[in-house]
Amino acid sequence: MEKELVAIEVKRHSLAHLLAAAVLDLWPEAKLAIGPAIENGFYYDIDFGDVKINEADFREIEKRMSHLLKQNLPFVRIEKKIDEALAEAQASGNPYKIELIEGLKERGESVVSIYSVGKFDDLCRGPHVESTNKILPGSFKLNKLAGAYWRGDEKNKMLTRIYGLAFATKAELDDYLHLIEEAEKRDHRKLGKELDLFMMHEYAPGMPFFLPKGMIVLLELIKFVREYSYGEGYQEIRTPHLLNADLWKTSGHWEHYQEDMFCLHHAEDDIDMGIKPMNCPAHMLVFKRDIHSYKELPLRLAETTTLYRNEKSGTLQGLTRVRSLSQDDTHIFARPDQILSEISDLLQKVKNIYNIFNLQIDEIHLSTRPESFLGEKATWDLAESNLKEALEKAGLNYQINEGDGAFYGPKIDVKVKDAIGRQWQLATIQLDFQLPQRFELHYDDADGTQKTPVVIHRALLGSMERFMGIIIEHYAGALPLWLSPVQIKLLSVGEKHIDFCRQLEEEFKALGLRVEVDDHNETVGNKIRKATQEKIPYLLVIGDKEMESENLVIRERGSQDNKEMKKTDFVHDVSEKIKLKQ
Ligand SMILES: [Zn+2]
Ligand SMILES: [Zn+2]
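All residue numbers here refer to positions counted from 1 along the written sequence of the relevant chain. Labels are handed out in written order, letters beginning with A for the chains and numbers beginning with 1 for the ligands. Given that this is a predicted model, residues contribute local features only at a pLDDT of at least 70 and side-chain atom pairs are listed and counted only at 80 or more, while totals for whole chains, interfaces and linings are drawn from all residues. Only heavy atoms go into the side-chain values, all of them from the structure, while hydrogens and water stay out.

Student: Residues and numbers for the coordination of the zinc ion (ligand 1), please.
Tutor: Each metal's donors comprise the N, O and S atoms found within 2.8 Å of it (within 3.2 Å for Na, K or Ca). Water is not part of the atom list, so some coordination spheres may appear incomplete. Only His-13 (NE2), His-17 (NE2), Cys-124 (SG) and His-128 (NE2) from the protein reach the zinc ion (ligand 1) as donors, at distances of 1.9 to 2.1 Å. In short, tetrahedral needs four donors with all angles between 85 and 135 degrees, square planar needs four and octahedral six donors with opposite donors over 155 degrees apart and all other angles between 65 and 115, and whatever is left is irregular. Around the zinc ion (ligand 1), the four donor atoms are arranged such that angles at the metal cover 91 to 125°; this shape is classified as tetrahedral. Spacing between the donor residues of the zinc ion (ligand 1) along their common chain follows H-x3-H-x106-C-x3-H. Taken together, the residues His-17 in helix α1 (residues 2-26) and His-128 in the loop between β6 (120-123) and β7 (140-149) connect sequence positions 111 residues apart. Comparing His-17 with His-128 shows no difference in burial state: the two are buried. For the purposes of this entry, the term helix denotes a DSSP run of H or I that reaches at least four residues, the term strand denotes a run of E that reaches at least two, and both are numbered from the N terminus. Throughout this description, buried means an accessible area under 20% of the type-specific maximum (1.4 Å probe, protein chains only), exposed means over 50%, and partly exposed covers the range between.

Student: So what about the UniProt feature "binding site: Zn(2+)" (unreviewed entry) in the protein chain? Which residues, and what values?
Tutor: UniProt positions are given in the numbering used here, feature names are shortened, and annotations may be inferred rather than shown by experiment. When the UniProt feature table is mapped to this numbering, "binding site: Zn(2+)" (unreviewed entry) covers Cys-280, His-331 and His-457. These annotated residues cover 178 residues of sequence, and their C-alpha atoms all fall within 7.7 Å of one another, placing them together at a single site. Structurally, His-331 is set in strand β17 (residues 324-334). A relative accessible area of 0% means that His-331 is categorised as buried. Apart from residues no more than four positions distant in its own chain, His-331 is found in contact with Asn-279, Cys-280, His-283, Met-284, Leu-299, Arg-300, Leu-301, Val-455, Ile-456 and His-457. Two N or O atoms count as a polar contact when they lie within 3.5 Å, although within protein this holds only if one can serve as hydrogen donor and the other as acceptor, and sequence-adjacent residues are included solely when both atoms are side-chain atoms. A distance of 2.9 Å separates polar atoms of two side chains, one belonging to His-331 and the other to His-283. Not counting chain neighbours up to four residues away, the residues in contact with His-457 comprise Cys-280, Thr-330, His-331, Thr-428, Ile-429, Gln-430, Asp-432 and Leu-435. By definition, residues are in contact when any of their heavy atoms lie within 4.5 Å.

Student: Residues and numbers for the nonpolar core, please.
Tutor: By nonpolar core we mean a set of buried residues, namely Ala, Val, Leu, Ile, Met, Phe, Trp, Tyr and Cys, connected to one another through side-chain atoms within 4.5 Å. Counting 78 residues, the largest nonpolar core has Ile-343, Phe-357, Phe-508, Leu-540 and Phe-570 as the members making the most contacts within it. A per-element tally of this core places helix α11 (residues 339-356) first, with eight residues. Taken together, domain 2 (216-235 + 278-474) and domain 4 (481-579) each give at least three residues to this core, which thus spans both. Apart from residues no more than four positions distant in its own chain, Phe-508 is found in contact with Ile-488, Leu-490, Leu-513, Val-515, Leu-540, Leu-552, Phe-570 and Val-571. One finds Tyr-44, Cys-124, Ile-135 and Leu-142 within the second-largest nonpolar core, a separate group that totals 34 residues. Residue ranges assigned to the domains are those given by an automatic or database domain assignment.

Shown next as structure tokens:
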């Protein structure tokens, strides 16, 4: 696996050279900057001067790249004295290569390597494929143009970045292209708009507005969280959004996390305050309010209020990367001897929850003690062996990220795969030996001494906004019945059927079902088409026949056929499915 990864990265980077060679062939005046391999492909940043290129030029560039591939050209490494290379770069008038070589010189390099493929030379550290025939025909494709500042600095010149995709084989590339196409169709930002779930506004970047239908989904998710993520033994609380800087100083956020927080100065009280990016510090205060006996532990404080994080504008994305978020957040205050049972319980919850959403657990990582750590080694050893034991008992495969834990405690991360095979990081279970110390938390132990509890930070869905974005894409907008904002739509055939629709609507509503009536003066065909786009689980066409019988004609989502069913059976079926979270 590791080796394959290296090999594909080398291919991707080698393709960046071929891209540059093809570009220079077509636009000899272009000035090359840098061309690394990236996830799924490569890019090259190029200064085209006054020339504007567009995606229509990709075909010609690709043709020339393919031509270079076919010639089976070797990549040849040439070493040059740095001053010689610098003089050449100066002669060619390429300011980017000059800057790169000068940088190397400042760092004390005396020799640089140049790689030559065909007639094209480029300053590069390597490695590359031995020769171009190692790259299979059809295994790459140029896919995107973007502007990119030289060295990522907006004070510098904006260059043109040409992106390419590259895989080991054409089949792998095709699979990936198919995945992108599928992902675009499922994009939750697009579906969120089409299904009236949420909106975004320039007045609140990264902070979604949930519309009535989206709010139904969010509230159902919160209900779900209360039952499946919290459950027995969890106590929900609500703490303030705005808290004095002194609290954030105690927790360490003021020093280490302030850039990611929204802060303000309260003029009247003359104090700095921070809007909470996490619930932890406030929960520490709640724990500290009382004297706790060892018998009261574990204490599990849960909260789903909205948190605010000052994520960078460039990283914001629909619901999946936001500035306002609510988590299924809990802080478990436990004795060291309770870690095993708590983690076991959490892993059971993780399995149940993802099973309900048909999300497949893909990877679990256990991050362990780093070189510099807080607390006793023995405490860490015990905690880590508890985490391992819990994972093994739960029958879950996991990888150990040795030494990759935070300095204050080991952690379990769970990644899932969605319906189209994309990976998402969801649950985090983080042990914390530090925060209870910073807040001087204690409990009275059985032997009469005061001990510091361990805190477990845990979120199983992660942020509910992000989770909603993920499942919208996972289900391609066709949310399961229990989550659907509208579960049943009644379609009246004609005007005389509207009253009957209204009666049925009341009946269904009284049973707790979410129903809508389409009584527009339109054909049934049109109404079905519209409701299908709305991805409503059940459509009921109401005409003369339905008014006269005890039976309903039902069209289930995804089916082209209608089926006839007794009303009582239909209601029973639907209610059962909702109960089973289907
Ligand atoms: Zn290179
Ligand atoms: Zn926390």
